[in-house]
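Architecture and fold: a report
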Amino acid sequence: MASASRSIPAVARRTIEELRERLRAHDYRYYVLNQPEISDAEYDALMRRLLELEARYPALVTPESPTQRVSGAASLAFRPVRHAVPMMSLDNAFTTDELAAWHQRVLKGLGGKPPTFAVEFKIDGVSLALTYEAGRLVRAATRGDGETGEDVTANARTIGAIPLRLPAKPRSRLKPPIRLEVRGEVYMPITAFERFNDAARRHGAETFANPRNAAAGSLRQKDPQVTAERPLRFFVHSYGMVEGTAFRTHTEFLRTCEALGLPVPAHAAVCRSLDDIVAHCRHWEGKREELAYEVDGLVVKVNELELQQRLGTTAKSPRWAIAYKFPAQQATTQILDVLPSVGRTGTITPVAKLAPVSCGGVTISSATLHNYEEVERLGVTVGDWVVIQRAGDVIPQVVNVLTSRRSGRERPVPVPTACPVCRGTVTKDREEDVAYRCINPACPAQLVRRLVHFASRDAMDIEGFGDVVAEQVVERRMVQDVSDVYRLAKAQLLELELFGEKRAENLLRAIEASKPRGLARALYGLGIRHVGSKVASVLAQECGTMDRLLDADEAHLQAIPDVGPVIAEAVVRALRQPGTRRLLEHLKAAGVKLTEDAVRGPRPFSGASFVFTGELSEWSRAEAEALVKRLGGQPTSSVSKQTRYVVAGAAAGSKLKRARELGVPILDEAGFKRLLQRS
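Summary of the structure given here.

A word on the overall build of the protein
- A tally of helices and strands in the protein yields 25 helices and 22 strands.
- Summarising its shape, the C-alpha atoms of the protein cover approximately 95 × 65 × 50 Å along the three principal directions.
- Across the 679 residues that make up the protein, the buried fraction comes to 50%.
- Across the protein, the fraction of contacts at a sequence separation of at least 24, relative to all contacts at a separation of at least 6, is 68%.
- Accessible surface, the protein as shown: approximately 33000 Å² in total, 49% of it carbon and sulfur.
- Within the protein, the 81 negative side-chain charges are centred at a point lying 3 Å from the centre of the 95 positive side-chain charges.

What follows is the structure, given as structure tokens:
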């Protein structure tokens, strides 16, 4: 053995030790700091390289090698918890050939006896073990290093998906086990993650690179209240120990968990052959973007627990389970340039042009940087090496800058001083607003969006004038601004796709019918920043005509109820643009009504505020709010103790819950209708 050890090349020893050090460093950044510096694919490549070298030179394998233990370490900020049963990691299969090789090893280990296989999502979250005693949650612990984790019980109790007592289902007669330790993943849904990051950016707070980091960072907060404010969820995927009952299969265990009120993975399947497993994996590999949460693969397990026991484990992984990994959705590449891109709302977004790289099964050559404050926050410069992330069909984003790879030849990213499309004025509303915008209403980059907004139901309500029509009339240069809608002729419409005589005539009638809608709708249709339908109505009622509104200064506008300095500044600045003035003249010449009729008649709702939530069957939200305003009431968007009524339609959400908490009177649609009839 000694001679074999002496015959190992020095370069192999050095390479193995370097790989171990790199993996340990990345483990620390990923599991402890939640600040990964490389993509999952690159980490997997390093681990596989180390596995290959250790297989070639087994004398160099040590108990401390990253290949021999579960990665991660318990934070000193939490009390350590020793796991009664180690929380092991899974071996990975990156191809169907590797999956087939594992399947063969399982059959061989069972003497050829074919088992069934449970297949479920590998949710990209953070591992958590929950211990229930006599049905009560007594401890929650992270995985840590697999042997010892962190006690995060106080934080876990704040996660709504985790029941504090079993069974969690009302009126359930199922008796929970004497002791049950379930294991699963804490995660953050994709849309909740995006909303969280958007809010954090607006407030200059910390953002996270991906939902997994967000979940890990949220679960390990020192203040449980912070965890409670984060949109975390939880799924059970296995158990460590159970006393007082027994399970025959893994799927039986999941069914029991579900009956007890514990959340379990959706779309789990039982497969009876390798072909079934591969088909299931390929099916979800192509549909992963339809899921509400991030998954990085599927876990395949021998379903029969007795057969799991026969197969046993290695030093770090069970032989009876494997993770089939989907193509990585993060990659590392270099920024070649950063160019400004104008969106349909006028927002100018910095877009990174990248050295092409494969990510998520496609070649990526550009990625969004969101806004110029994000450029500053990330510290992006042209020439940087960065980690990019692709999720869904949207443009990928830069999530991390690898400053350690800088050469000194990088260049700063300039903020645009003029619109790159029309050379119009670029502004940044106020210090708290992160977006730079082109405010030229005739900017070609914004025209399609402006047309759709102008024709929308709450604006001029031109039925039949949607996205497809707007895109076609802009592409054929039939319109230069929204006023040109009123100059469209039947012959022009007949040139468009899917337009015949009847559709063209219907659209022209809808355009003509929109002319007398009034100042409030026309003002809202202009798409001025911060001016929604409610503010437009307030301004129209106060000023009465567009001419008076054009003459008003910020001080005058701020004296109007519901109009603050941000709105006043946005209105004055937009209306004083030469392009806006020309547009209004064109609308006036086309016969569009730019005055507002004063509200007359009884005002029984005077001083009363209404909040609408959910869907009404008889009115749109805008129509219902208009009824309230006509009777002197004030529609508002948030519920407070001062709210007179909350009107709840179908699928009412958090506003209804808030109304109940505050004791605010709640009306259903029938009750609202009766109130209108009495008024």
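Moving on from the coordinates now.
Focus: unusual backbone geometry
- Of the consecutive residues L166 and P167, the connecting peptide bond is found in the cis state with omega at -5°.
- By the secondary structure assignment, P167 is in the loop between α5 (153-156) and β7 (179-187).
- Phi at L498 takes a positive value of approximately 65°, unusual for a residue other than glycine.
- Tracing the chain through its elements places L498 in the loop between α15 (490-493) and α16 (501-513).

Observations regarding the nonpolar core
- Within the largest apolar cluster, 58 residues are counted, with the highest numbers of intra-cluster contacts made by I462, F465 and L557.
- Mapped onto this core, the elements with two or more residues apiece are α13 (447-454), α14 (467-475), α16, α17 (519-525), α18 (533-543), α19 (546-551), α21 (565-575) and α22 (578-589).
- In this structure F465 touches L451, A455, A470, V473, V485, L488 and L507, once residues within four positions along its chain are discounted.

Comments concerning the pattern of salt bridges
- In total, this model carries 23 salt bridges according to the counting rule given.
- R20 is the salt-bridge partner of E54, the closest N and O atoms lying 2.8 Å from each other. Taken together, the positions of E54 in helix α3 (residues 40-56) and R20 in helix α2 (residues 10-32) put the pair 34 residues apart, joining distant regions of the chain. No difference in accessibility class separates E54 from R20, as the two residues are buried.
- Across the pair K428 and E373 runs a salt bridge whose closest N-O atoms are separated by 3.8 Å. Remark: E373 occurs in helix α12 (residues 372-378) and K428 occurs in the loop between β17 (426-427) and β18 (436-438); sequence separation between them is 55 residues.
- By relative accessible area, E373 is classed as partly exposed at 31%.
- Among the ionic contacts, a cluster of salt bridges with common partners joins E17, R20 and E54.

Overview of the packing of aromatic side chains
- Tallying each qualifying case throughout the model produces 18 aromatic pairs.
- Relative to F253, the ring of F247 has its centre 5.5 Å away and its plane inclined at 70°; by these criteria the two rings are edge-to-face. A single burial state applies to F247 and to F253, both of which are buried.
- An aromatic cluster is built from F605, F610, F612, W619, Y645 and F672, whose rings are joined through pairwise contacts.
- Seen from the ring of F499, R503 lies directly overhead, with NZ or CZ sitting 4.2 Å from the centre.

Brief notes about the sheet that holds strand β19 (residues 609-613)
- Sheet architecture is open: 4 strands sit in the order β20-β19-β21-β22, paired in parallel fashion. Since the sheet does not close on itself, it has two edges, and those belong to β20 (634-636) and β22 (666-667), each with one partner.
- Relative to β20, β19 is paired through 3 bridges, and the arrangement is parallel. Bridge pairing links V611 to T636 in β20.
- Packed onto the sheet, helix α23 (residues 621-630) meets β19 and β20 and runs at close to 165° relative to β19.

A closer look at the pairing of strand β16 (residues 397-401)
- In terms of burial, β16 is a largely internal element, 5 of the 5 residues being buried.
- Looking at chain direction, strand β15 (residues 385-389) and β16 are connected through 4 bridges and run antiparallel. Within β16, the residue paired with V386 across the bridge is V401.

Here we look at the environment of R230
- Looking at the secondary structure, you find R230 in the loop between α8 (224-228) and β8 (233-243).
- Look at R230 and you get buried, because its relative accessible area is 16%.
- R230 sits 71 residues away from I159 along the chain, and the two C-alpha atoms are 8.5 Å apart.
- Sequence-distant contacts of R230, defined by excluding residues within four places in its chain, comprise M188, F196, F208, S218 and Q221.
- There is a polar contact of 2.9 Å between the side chain of R230 and the side chain of S218.

What about helix α10 (residues 274-287)?
- Counted at 1.5 Å a residue, the expected span for α10 with its 14 residues is 20 Å, and the 20 Å between its end C-alpha atoms agrees.
- Listed in full, the buried residues belonging to α10 are I277, V278, H280, C281 and W284. Down the axis, α10 shows its buried residues gathered within 160° of arc, on one side only. In α10, those exposed residues whose orientation departs by more than 90 degrees from the buried face are D275, R282 and G286.
- As for α10, its buried residues are in contact with α4 (96-109), β3 (117-123), β9 (269-271), β10 (295-302) and β11 (321-325).

Digging into the packing of α13 against α14
- Closest axis-to-axis distance for the α13/α14 pair is 9 Å, and the angle between their directions is 135°. On the basis of the axis angle, α13 is oblique to α14. Like other packed secondary-structure pairs, α13 and α14 cross with a definite hand, here right-handed. When α13 is examined against α14, the residues L447, V448, L451 and V452 are found in contact with a partner set consisting of D467, A470, E471, V473 and V474.

Things to note about the state of the cysteines
- The final tally for this structure, using the stated rule, is 0 disulfides.
- The cysteine C419 is free of any disulfide, with C422 supplying the nearest cysteine sulfur at 3.7 Å.
- No disulfide involves C438; its nearest neighbouring cysteine sulfur is the one of C422, lying 3.6 Å away.

Digging into the pairing of β10
- In terms of burial, β10 is largely enclosed, as 8 of its 8 residues are buried.
- Both β10 and β11 contribute to a ladder of 5 bridges, which runs antiparallel. The residue of β11 that forms the bridge with K301 is A321.

Observations regarding α3
- For α3, which comprises 17 residues, the first-to-last C-alpha distance of 24 Å matches the rise-based estimate of 24 Å (1.5 Å per residue) to within 8%.
- All of the buried residues in α3 are Y43, D44, L46, M47, L50, L53 and E54.

About the thresholds
- Residues numbered from 1 in each chain as written.
- Predicted model: local features only at pLDDT ≥ 70, side-chain atom pairs only at ≥ 80, totals over all residues.
- Heavy atoms only, no water.
- Helix = DSSP H or I, 4+ residues; strand = E, 2+ residues; numbered from the N terminus.
- Buried < 20%, exposed > 50% of the residue type's maximum accessible area, 1.4 Å probe, protein only.
- Contact = heavy atoms within 4.5 Å.
- Areas by Shrake-Rupley, 256 points an atom, 1.4 Å probe, with all protein chains shown as cover.
- Lys, Arg positive; Asp, Glu negative; His and termini not counted.
- Charge placed at Lys NZ, Arg CZ, Asp CG, Glu CD.
- Core = buried A, V, L, I, M, F, W, Y, C linked by side-chain atoms within 4.5 Å.
- Salt bridge = Lys/Arg side-chain N within 4 Å of Asp/Glu carboxyl O.
- Phe/Tyr/Trp six-rings, centres within 6.5 Å; stacked < 30°, edge-to-face > 60°.
- Lys NZ or Arg CZ within 6 Å of the ring centre and 35° of its normal.
- Pairing = 2+ DSSP bridges.
- Axes fitted to C-alpha atoms, helices over the stretch in contact; angles between N-to-C directions.
- Polar contact = N/O pair within 3.5 Å; in protein donor to acceptor, adjacent residues only side chain to side chain.
- Expected span 1.5 Å × (residues − 1).
- Arc of directions from axis to C-beta.
- Parallel < 35°, antiparallel > 145°, perpendicular 65-115°, else oblique.
- Left-handed = near helix turned anticlockwise from the far one by under 90°.
- Disulfide = S-S within 2.5 Å.

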